[in-house]
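# Structural characterization, general
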Amino acid sequence: MRSNETKRTLLDDVRFQRMIEEVEDYAIILLDTEGNIRNWNRGAEKIKGYREDEILGRNFSIFYPAQDRKDRLPFRLIAEASANGRADHEGWRLRKDGSTFWAYVVITALHDEQGDIIGFTKVTRDLTERKLAEEQKDRDAKSIALQNKQLEEFAYVTSHDLQEPIRKIRAFIDLARQDMDNRESLEYYLEKIDSSAERMIQLIKDILAFSRLSPDQSQYAQVDLNQVVKDVLAEYEMVISEKNAKIQVDTLPEIQGIYLHLQQLFRNLISNALKFNKDCPKVTISFQDTAKFSSKFPDNGYLINVSDNGIGFDQKYAEQAFQPFKRLTSGFPGSGIGLALCKKIVVDHGGSITVQSEPGKGTTFNIYFPKIK
């Protein structure tokens, strides 16, 4: 009878061992008191990448990143399991090929009949997908919060700037009513009303252009920037001729992007160079591979500089220049949205834009675009 019970016990042990060995969704391993690996199941091979003959006898600290090993995290977990019976932890772990995965680990102390610790079981579950989903959710939440904040600020500034021409229109209408019999004054007031209305129309157009910009990469195609600049210069042919402007353009690269948006970018920059200038405008559009500037820019992109000899502005306002409705000059037409549009377009194309300027000595915009993948 006892012999049959012994056989059933041995059979149950074999079945239990086989069950552990064949589980694939969890890495289940046995450690000795020093943390050295004594057995290895199919799940451990699937999650961590090692075959059993490659890993038996090695210390389980091999699965931990260098900083965790330096902080002695593996051995602190063993010490916690020894003191409390178990320890759990979530963190990045290493596979055989050096890649990382997000693991949830439970280490449980094993005792003999006298209560002495004889080893540990370590169960690991790969929760990388959950971790990445949580991080993406967190990024999305932060992005939405930032967009809401920007929208609130944009709405406030837009409301303020739209009210300004309306106030002028109403003021000039009141003045005109008081001086209806004076034709000369009346014509002056009507001109001012027309000018304010025109500013309001332009402001609304620029706001619509800003709001319609979309980073939808499904619209992206290979764009030849030489053709983009050629088309923009054709638009300003009459202004260039009237101002006797000199335009010099390097051979430019092709990038992945939206043609109309890139045209809007160069239209705004070239328009500003022609507009904010008291002399004969000189505009230079140059191009360099960023491999030469790897200390400042990623080495897999293009650096395009748009320089002019215009009125310039104080460099301390460089960041402010790209904010909507922040006009850095007076006495020149404009809604103050053009450079905000430029920044949005460049950022949507995976790039960056900065500006260097000095009063009376011109302005240079530095535009970085990533290379075609």
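What counts, and at which threshold
Residues numbered from 1 in each chain as written. Predicted model: local features only at pLDDT ≥ 70, side-chain atom pairs only at ≥ 80, totals over all residues. Heavy atoms only, no water. Helix = DSSP H or I, 4+ residues; strand = E, 2+ residues; numbered from the N terminus. Polar contact = N/O pair within 3.5 Å; in protein donor to acceptor, adjacent residues only side chain to side chain. Contact = heavy atoms within 4.5 Å. Axes fitted to C-alpha atoms, helices over the stretch in contact; angles between N-to-C directions. Parallel < 35°, antiparallel > 145°, perpendicular 65-115°, else oblique. Left-handed = near helix turned anticlockwise from the far one by under 90°. Nonpolar A, V, L, I, M, F, W, Y, C, P; charged D, E, K, R; others polar. Pairing = 2+ DSSP bridges. Expected span 1.5 Å × (residues − 1). Buried < 20%, exposed > 50% of the residue type's maximum accessible area, 1.4 Å probe, protein only. Arc of directions from axis to C-beta.

### Quick word on the side chain of Asn36
Take Asn36: it is sitting in the loop between strand 1 (26-31) and strand 2 (37-40). Reaching out from Asn36, the side chain makes a polar contact with the side chain of Asn59 at a distance of 3.2 Å. The residues contacting Asn36, other than those within four sequence positions of it, are Leu30, Leu31, Gly57, Arg58 and Asn59.

### Considering the packing of helix 8 (residues 225-235) against helix 10 (residues 259-275)
Closest axis-to-axis distance for the helix 8/helix 10 pair is 9 Å, and the angle between their directions is 50°. With respect to helix 10, the element helix 8 is oriented oblique. Considering how the two elements wind past one another, helix 8 and helix 10 form a crossing that is right-handed. Judged by residue contacts, Leu225, Gln227, Val228, Val229, Asp231, Val232, Leu233 and Glu235 of helix 8 engage Tyr259, Leu262, Gln263, Phe266, Arg267 and Ile270 from helix 10. Of the residues that constitute the contact of helix 8 with helix 10, the class distribution is 9 nonpolar, 2 polar and 3 charged.

### Some details on the sheet that holds strand 3 (residues 86-94)
Strand order in the open sheet formed by 5 strands is 2-1-5-4-3, and the pairing between neighbours is antiparallel. The strands lining the two open edges of the sheet, one partner per strand, are strand 2 and strand 3. Strand-to-strand twist of the sheet, defined as the mean angle between neighbouring strand axes without regard to direction, takes the value 25°. Where strand 1 meets strand 2, 3 bridges bridge the pair, whose relative direction is antiparallel. By the bridge assignment for strand 2, Ile29 is matched with Trp40. Sheet strands in contact with helix 5 (residues 73-84) are strand 3, strand 4 (100-111) and strand 5 (117-126), and its direction is about 165° off that of strand 3.

### Describing helix 5
An ideal rise of 1.5 Å per residue puts 16 Å on 12 residues; helix 5 measures up with 16 Å between its terminal C-alpha atoms. Residues of helix 5 that are buried: Leu73, Pro74, Leu77, Ile78 and Ala81. One face of helix 5 carries all of its buried residues, which in axial projection span an arc of 145°. On its buried side, helix 5 packs onto helix 4 (66-70), strand 3, strand 4 and strand 5. With its phi angle positive at about 95°, Gly85 sits one or two positions after the end of helix 5.

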